[in-house]
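# Chain and residue survey
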Amino acid sequence: QNYLDNFWPDLKAAHELFDSILQARRERESESQENNGKEYPEHLPVEILEAGIKSGRYIQGTLNVNKHRAQLEAFVRLQGFSSKETG
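The model shown is predicted, which means the values in this text are computed figures rather than measured ones.

This part is about the overall build of the protein chain. If you tally the helices and strands in the protein chain, you get 4 helices and 2 strands. Secondary structure elements of the protein chain, listed N to C terminal, follow the sequence α-α-α-β-β-α. With 87 residues in all, the protein chain has 5% of them scored as buried. Nonlocal contacts in the protein chain, meaning residues at least 24 apart in sequence, comprise 0% of its contacts between residues at least 6 apart. With an accessible surface of roughly 8300 Å², the protein chain has 52% of that area assigned to carbon and sulfur atoms.

The next point concerns helix 2 (residues 12-34). Because each turn of an α-helix spans 3.6 residues, side chains separated by three or four positions end up pointing in the same direction. With 23 residues, helix 2 should cover 33 Å at 1.5 Å per step; its first-to-last C-alpha distance of 33 Å lies within 8% of that length. Following helix 2 by one or two positions, N36 has its phi on the positive side, about 55°.

If pLDDT is low for a region, its predicted coordinates should not be looked at in detail. When pLDDT is averaged across the protein chain, the result is 85; 84% of the residues are at 70 or more. Taken element by element, the protein chain is modelled with least confidence in helix 4 (residues 83-86), mean pLDDT 49, and with most confidence in helix 1 (residues 2-7), mean pLDDT 94.

Topologically, Q60 is positioned in the loop between helix 3 (46-55) and strand 1 (61-65). C-alpha separation for the pair Q60 and R77, spaced 17 residues apart in sequence, amounts to 8.7 Å. In contact with Q60, not counting residues within four places along its chain, are I53, L78 and Q79.

Moving on, we get to the side chain of H15. With respect to the helices and strands, H15 occurs in helix 2. Using a relative accessible area of 17% as the deciding quantity, one classes H15 as buried. Once you skip the residues sitting within four places of it in the chain, H15 turns out to touch Q1, L4, D5, W8 and P9.

Okay, the environment of N66 next. Tracing the sequence through the fold places N66 in the loop between strand 1 and strand 2 (74-78). Within the local environment of N66, its side chain forms a polar contact with the backbone nitrogen of R69, the two atoms lying 3.2 Å apart.

What counts, and where the lines are drawn
Residues numbered from 1 in each chain as written. Predicted model: local features only at pLDDT ≥ 70, side-chain atom pairs only at ≥ 80, totals over all residues. Heavy atoms only, no water. Helix = DSSP H or I, 4+ residues; strand = E, 2+ residues; numbered from the N terminus. Buried < 20%, exposed > 50% of the residue type's maximum accessible area, 1.4 Å probe, protein only. Contact = heavy atoms within 4.5 Å. Areas by Shrake-Rupley, 256 points an atom, 1.4 Å probe, with all protein chains shown as cover. Expected span 1.5 Å × (residues − 1). pLDDT = per-residue confidence, 0-100. Polar contact = N/O pair within 3.5 Å; in protein donor to acceptor, adjacent residues only side chain to side chain.

As structure tokens, this is what we get:
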């Protein structure tokens, strides 16, 4: 803000862009605070997920995504299984 005010006071588009970025950042921070610092809201409460894992309704694993082909390649590695068993 200071840079724009001092060196580019007449460049209206840059000031508007800065204001837009600042507003988007504030909105993102307020959303993060509403979600207790989590970037994405949870789909199910933790208690339900834990009960589902214990009962066998849900499985727990790690999502691995190919960074070069993220839209096309991903797999879930199940916890407690070796790589030969998950295939």
